[in-house]
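Structural characterization, general
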Amino acid sequence: MKRNIIVTGGAQGIGEVTSLQLLKAGYGIIIWDNDSEALEEMQAGHEHEDLHYRRVDVSNEEEVRAAIQEIIAKEGVIYGLVNNAMIAANKTIRELSLEEWNRVVAVNLTGPFLCTKYAADELKKTKGAIVNICSTRALQSEPNTEAYSA
């Protein structure tokens, strides 16, 4: 049975590189990304029987729960979770709306919580691992990145 790893935000940037490196290491990769265009581009450029793609908004509890249940039903097990999905809204604090702030916090903080919450039981069964990706901005911020740096 394939050792499956979920990579959130896995269709671009650090997530894409992580997904492809884990694939090379022999894992089955389940890429979650909320960016449909990025998912389509990656799928067009990287077709492989052990690469699976799904549009998931990690800040949406029902989407995360359903996606986890789908993996268990189709693949049987989950061996790892890479919480990588992040977004930014780089604006001055005066320009940043509460809606934008809440969206960034929902994806960047609530997303890893939800993914971990719903994958935890399966990961415990497989003695799997969770990797949380974090930005250096958590320790050294830059102007107009308050929501992201939170």
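For the structure, see preceding data.
Residues numbered from 1 in each chain as written. Predicted model: local features only at pLDDT ≥ 70, side-chain atom pairs only at ≥ 80, totals over all residues. Heavy atoms only, no water.

Comments concerning the pairing of strand β2 (residues 28–33)
On a regular strand, each side chain points to the face opposite its neighbour's, so the side chains alternate between the two faces of the sheet. Judged by how many residues are buried, β2 sits mostly within the fold: 6 of 6 residues are covered. Across the two faces of β2 the burial is the same, with G28, I30 and W32 and I29, I31 and D33 all buried. Here strand β1 (residues 4–8) runs beside β2; their pairing, made up of 5 bridges, is parallel. Of the residues in β2, the one forming a bridge with I5 is I29. Between β1 and its parallel partner β2, the chain crosses via helix α1 (residues 13–24), and the hand of that crossover is right-handed. Alignment of β2 against strand β3 (residues 51–55), held across 5 bridges, turns out to be parallel. Counterpart to W32 in the pairing with β3 is R54. Between β2 and its parallel partner β3, the chain crosses via helix α2 (residues 36–45), and the hand of that crossover is right-handed. (Buried < 20%, exposed > 50% of the residue type's maximum accessible area, 1.4 Å probe, protein only. Helix = DSSP H or I, 4+ residues; strand = E, 2+ residues; numbered from the N terminus. Pairing = 2+ DSSP bridges. Right-handed = clockwise from strand over helix to strand, strands pointing away.)

What about the environment of K117?
Locating K117 in the fold gives a position in helix α4 (residues 98–126). On the basis of relative accessible area, K117 is assigned to the partly exposed category, the value being 44%. Along the sequence, K117 and A44 sit 73 residues apart, while their C-alpha atoms lie 31 Å from each other.

Focus: the sheet that holds strand β5 (residues 129–132)
Across a sheet, paired strands are connected by hydrogen bonds in the backbone, their directions being either parallel or antiparallel. One open sheet holds the 5 strands; their spatial order is β3-β2-β1-β4-β5, and the pairing between them is parallel. Whereas interior strands pair on both sides, the edge strands pair on one side only; in this sheet they are β3 and β5. If you compare each strand with its neighbour and ignore which way they point, the axes differ by 15° on average. Note that β1 and strand β4 (residues 80–83) share 3 bridges and pair parallel. Directly across from I5, in β4, lies its bridge partner G80. (Axes fitted to C-alpha atoms, helices over the stretch in contact; angles between N-to-C directions.)

A short note on the pairing of β4
What you see with β4 is no split at all: G80 and V82 on one side and L81 and N83 on the other are buried throughout. Inspection of the sheet shows β4 paired to β5 by 4 bridges, in the parallel sense. The residue bridging L81 from the neighbouring strand is I130, located in β5. Between the parallel elements β4 and β5, the chain passes through α4 in a crossover that is right-handed.

Describing a negative patch on the surface
A surface patch of like charges, here negative, comprises D35, E37, E40 and E41. Within the element layout of this structure, E41 appears in helix α2. Classification of E41 by relative accessible area gives exposed; the value is 52%. (Patch = residues over 30% accessible without salt bridge, like charges linked within 9 Å, V, L, I, M, F, W, Y side chains within 5 Å. Areas by Shrake-Rupley, 256 points an atom, 1.4 Å probe, with all protein chains shown as cover. Salt bridge = Lys/Arg side-chain N within 4 Å of Asp/Glu carboxyl O. Lys, Arg positive; Asp, Glu negative; His and termini not counted. Charge placed at Lys NZ, Arg CZ, Asp CG, Glu CD.)

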